Structure formats: structure tokens, C-alpha cells
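# Analysis of the macromolecular model
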Amino acid sequence: MKIIQRGDYGCAFYILVKGECEILTPGDASKRHSRDESKEESCAIIRPGGHFGSEGFFAGGHQPFTIRVRESSIILKIEEGFKRELENVFALDGLHVVSNIVQRLRCLRDSIAACRRIGKRYGSRQGSRQG
């Protein structure tokens, strides 16, 4: 059973939990003896913990490989809508981080300004004592 067909638009990311899948690439036409033989050949095996579909899922393009199940498998499928939700959550986190950085920079600026004021006062006192 094919999970991903090469050339399809990538809209899901898959994580293999159990079983095996294989990555298929276009076969060498010169090795085929007849038109009925498969045009794709296995180039790699995906084992539990492996993933596939990332090229199309994250880049928003077409899938470069066909992925086929080799044996009974459990596969976690993450849809594009979930990716958008994650992006929104992390966007809010990013705003909080930036806000905290801005707040720290303002505090630092205020501290530096206070040190300068104290330094000027201290320097003017030093100057009046010397003269």
C-alpha cells in the first residue's frame, strides 16, 4: 500500500511507530524488460522512529519519493492544519520572548542611564575636591 505517491502535493508528515516502509524512486528504464514491470525501485527502508513526508510538508511542495508500506505498520500522520496551529502557538511564544527581551533592554538602558548620572555626579564631586 502506498502512503505517499511521488509528485503529489505534500500536506502531511508521517512518523513510523511500528513496522517498515520503503522509499521508492523512479527505476532505471534500461533495466526493465517489459512495460509491465514497475517503474519504481526501492532505495531505502524506513524503520520505527523514522519519518517521511517532511520535504513536502515543511517546504510546501511536491513529494520527491513514493513511500510504500512493507509490512503491517502503525504510522502517526500529522496534517497540515495541525502544523498551522503549531505555527500560531509558537508565533505567540515568539511575541512573548521578544516582549521580554524589549523589557530587559529597557531595564538595562535605565540602569546604564542611572550609572551615568551617578558617574557624572561622582566626577563633578571629584573635580571640585581637586580644585
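See the structure shown above.
Residues numbered from 1 in each chain as written. Predicted model: local features only at pLDDT ≥ 70, side-chain atom pairs only at ≥ 80, totals over all residues. Heavy atoms only, no water.

### Here's the deal with the overall build of the protein
When its secondary structure is counted, the protein shows two helices and seven strands. Here the protein holds 131 residues, and the buried ones make up 21% of them. The long-range share in the protein, meaning contacts at least 24 apart out of those at least 6 apart in sequence, stands at 74%. For the protein, the accessible surface area stands at approximately 9,800 Å², while carbon and sulfur atoms represent 55% of it. (Helix = DSSP H or I, 4+ residues; strand = E, 2+ residues; numbered from the N terminus. Buried < 20%, exposed > 50% of the residue type's maximum accessible area, 1.4 Å probe, protein only. Contact = heavy atoms within 4.5 Å. Areas by Shrake-Rupley, 256 points an atom, 1.4 Å probe, with all protein chains shown as cover.)

### Observations concerning the side chain of Ser54
Secondary-structure assignment places Ser54 in helix α1 (residues 54-59). What Ser54 contacts, discounting residues up to four positions off in sequence, is Phe13 and Ala59.

### Focus on the packing of aromatic side chains
The relation between two aromatic rings is expressed through the spacing of the ring centres and the mutual angle of the planes. One pass over the full model with this rule turns up two aromatic pairs. Their ring planes at 15 degrees and their centres at 5.0 Å tell us that Tyr14 and Phe52 sit as a pair that is stacked. Placement of the pair is Tyr14 in strand β2 (residues 12-18) and Phe52 in strand β5 (residues 51-52), with a sequence separation of 38 residues. (Phe/Tyr/Trp six-rings, centres within 6.5 Å; stacked < 30°, edge-to-face > 60°.)

### Overview of the sheet that holds β5
Two strands in a sheet stick together by hydrogen bonds in their backbones, pointing the same way (parallel) or opposite ways (antiparallel). Sheet architecture is open: three strands sit in the order β5-β2-β7, paired in antiparallel fashion. Either end of the sheet is taken by a strand with one partner, and the two such strands are β5 and β7 (74-79). Inspection of the sheet shows β2 paired to β7 by six bridges, in the antiparallel sense. Pairing of Ala12 across the sheet is with Glu79, part of β7. (Pairing = 2+ DSSP bridges.)

### Re the nonpolar core
Counting 10 residues, the largest nonpolar core is built from Ile4, Ala12, Tyr14, Leu16, Cys21, Ile23, Ile46, Phe52, Ile67 and Val69. Looking at this core, the elements that each hand over two or more residues are β2, β3 (21-26) and β6 (66-69). Per element, the largest residue contribution to this core is three residues, and it comes from β2. The residues contacting Ile23, other than those within four sequence positions of it, are Glu41, Ser42, Cys43, Ala44, Ile46, Phe65, Thr66 and Ile67. (Core = buried A, V, L, I, M, F, W, Y, C linked by side-chain atoms within 4.5 Å.)

### Examining the side chain of Thr66
Within the fold, Thr66 resides in strand β6. Residue class for Thr66 comes out buried when judged on its relative accessible area of 0%. At 2.9 Å, the side chain of Thr66 and the backbone nitrogen of Arg6 are in polar contact. Residues in contact with Thr66, not counting those within four places in the same chain, are Lys2, Ile4, Gln5, Arg6, Glu22, Ile23, Leu24 and Glu40. (Polar contact = N/O pair within 3.5 Å; in protein donor to acceptor, adjacent residues only side chain to side chain.)

### Structural notes on the pairing of β3
Here is the key point about a regular strand: its side chains alternate between the two faces of the sheet. Most of β3 is tucked away: five of the six residues are buried. Note that β3 and strand β4 (residues 40-46) share six bridges and pair antiparallel. Residue pairing in the sheet places Pro26 in a bridge with Glu40 of β4. Alignment of β3 against β6, held across four bridges, turns out to be antiparallel.

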